[in-house]
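# Architecture and fold: a report
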Amino acid sequence: MKSFSCRAVRFLQVLALLGVWMFAGNPAQARGVSGIDTDYPVALSVQIDPATITDADLNEIRAAGFEFVRFGVRPPLKSVNPSLIDYPRLIKRVRNAKLDAIVTLFGGNAIWGSKPEDLRAGARKESLFSDFAVGFMKAHTDDVAVWEVWNEPDHKTFLNPGLLSDFEAASSELCANMARQKVQPNIVVGFGFANLPFVGGKVPAQLENAFVAAAKSDCLTDISIHPYRPVPETAFADYGKLRAQLDQRQLQKTGIAISEWGYASYLPVRSQSMQASLVFREYLINAAADIKLLNLYAWRDRGRSSFSKEDNFGIMSNAGEKKEAFSALTEFLKIARHSKKISYDDAKGVNQLVLKRDDALLHVLWTPGSDKDVTVPVAEGKKCTRVDFFPQVRRGSCGPRADGGFSAKASAYPVLLSISD
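What this report covers is the structure whose coordinates are included nearby. (Residues numbered from 1 in each chain as written. Predicted model: local features only at pLDDT ≥ 70, side-chain atom pairs only at ≥ 80, totals over all residues. Heavy atoms only, no water.)

### Things to note about the overall build of the chain
Short version of the rule: Working definition: helices are DSSP H or I runs of at least four residues, strands are E runs of at least two. Numbering for both runs from the N terminus. For the radius of gyration, the atoms used are the C-alpha atoms, and the globule rule reads 2.2 Å times the number of residues raised to 0.38. We call two residues contacting when some pair of their heavy atoms lies within 4.5 Å.
Summing up its helical and strand segments, the chain has nine helices and 16 strands in all. What you see for the chain is a C-alpha radius of gyration of 24 Å, in line with the 22 Å of a compact globule of 421 residues. The C-alpha extent of the chain, read off along each of the three principal axes, is 80 × 75 × 45 Å. A sequence separation of at least 24 residues applies to 69% of the contacts in the chain between residues at least 6 apart.

### Examining the nonpolar core
Considering soluble globular proteins, one finds that nonpolar side chains tend to be buried as a cluster. This is how it is decided: What makes a nonpolar core is a set of buried Ala, Val, Leu, Ile, Met, Phe, Trp, Tyr and Cys residues whose side-chain atoms join them at distances within 4.5 Å. Only protein chains enter the calculation, and the probe is 1.4 Å; a residue is then buried if its accessible area is under 20% of its type maximum, exposed if over 50%, and partly exposed in between.
One finds Phe-71, Trp-150, Phe-211 and Phe-332 to be the most contacted residues of the largest nonpolar core, which totals 107 residues. Ranked by size, the runner-up nonpolar core spans 13 residues in total, among them Val-374, Cys-384, Phe-406 and Leu-417.

### Re the side chain of Asp-301
Within the secondary structure, Asp-301 sits in the loop between strand 8 (293-296) and helix 9 (324-336). Judged by relative accessible area, which is 6%, Asp-301 ranks as buried.

### Concerning helix 8 (residues 272-288)
What counts here: Expected span of a helix: the number of residues minus one, times 1.5 Å.
Between the first and last C-alpha of helix 8 there are 24 Å, a value that for 17 residues agrees with the 24 Å anticipated at 1.5 Å per step. Counted residue by residue, helix 8 has 14 buried out of 17 residues, so it is predominantly covered. Positive phi appears at Asp-290, one or two residues downstream of helix 8, with a value of about 60 degrees.

Written out as structure tokens, the structure reads:
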């Protein structure tokens, strides 16, 4: 009997250790964007319009290498959701296309609705927003990969600047409601800041305070930002500044998600070719900075005017034609699939991102400005294949080995040297 008891105890101890090991080793258990399982250096999403997206679009998005799509969900109020979109059906269509959804929850720039009649007698807008957001999360927990609370509250289009204190209260109430109903999705990001928070002083303190409180309560797992800027490369340093500020606030577990960022092609400011260069480099700089999730704005041009910035953020034209940005980025994704970042350097005006895929090292070279000659050191006997993405994909020899490696001209249009045995 004593012998059996010892064996039983040892068996139970092994089971307990096995359970701990399985929990620690399973990435699905990790909360936040750091636990995203992706085939690429950066998991890529694209913004879609819930009212116009077709099943053919969704299938093409998945085939192109995107793993997520992002769209906003608004409450069933005519003032902020005039089309009364069938969001549950859209979520199901996204899942059928083998895509994951990033769902952004917001209720209008007055926190709830846009008309006096939207506020029920005796109801508080903070409670109405909380009930809507938590109810929708609860109903679709298993079908949505990433939840985002609000969109650009530091922009007057999405939040009336006079309601900053009310937004703090709404955020606090949302978190309390989530805890009360035991709603704890794997990834909840916020608040989709239009400006870089905690750095530069452009984001109101009430919004920063609301975020810190929500993150410390485990209501929000990550911070989401929209780093629009003239050239992508400046984001690298800004990510470092933001990371330092989060750490200073004891938010070391809080990851950074890029929930919206893109470039428009519109005359006479930016050609389709330059849009393609910037979108491609946007992806590369996020890989360089170890950002796990990037949502590209947007899938399709909103309108047909060649001179309107807001009409032309798509990587597809309004008529459904692939723009240069689509072609360059998706061809790169085919090569970069199953690769991991090894290093990044921006010495002497040349950006060099090195990825490893199987037995090949992928050196991606580019500059944010003027052309530069660069040599990639390579040992004798190695093979080198050059891939150009602009104006269309071309594969060929890197030329003869010289000066201890292979040479290329780096420009604003990235080029890839694949080195293998």
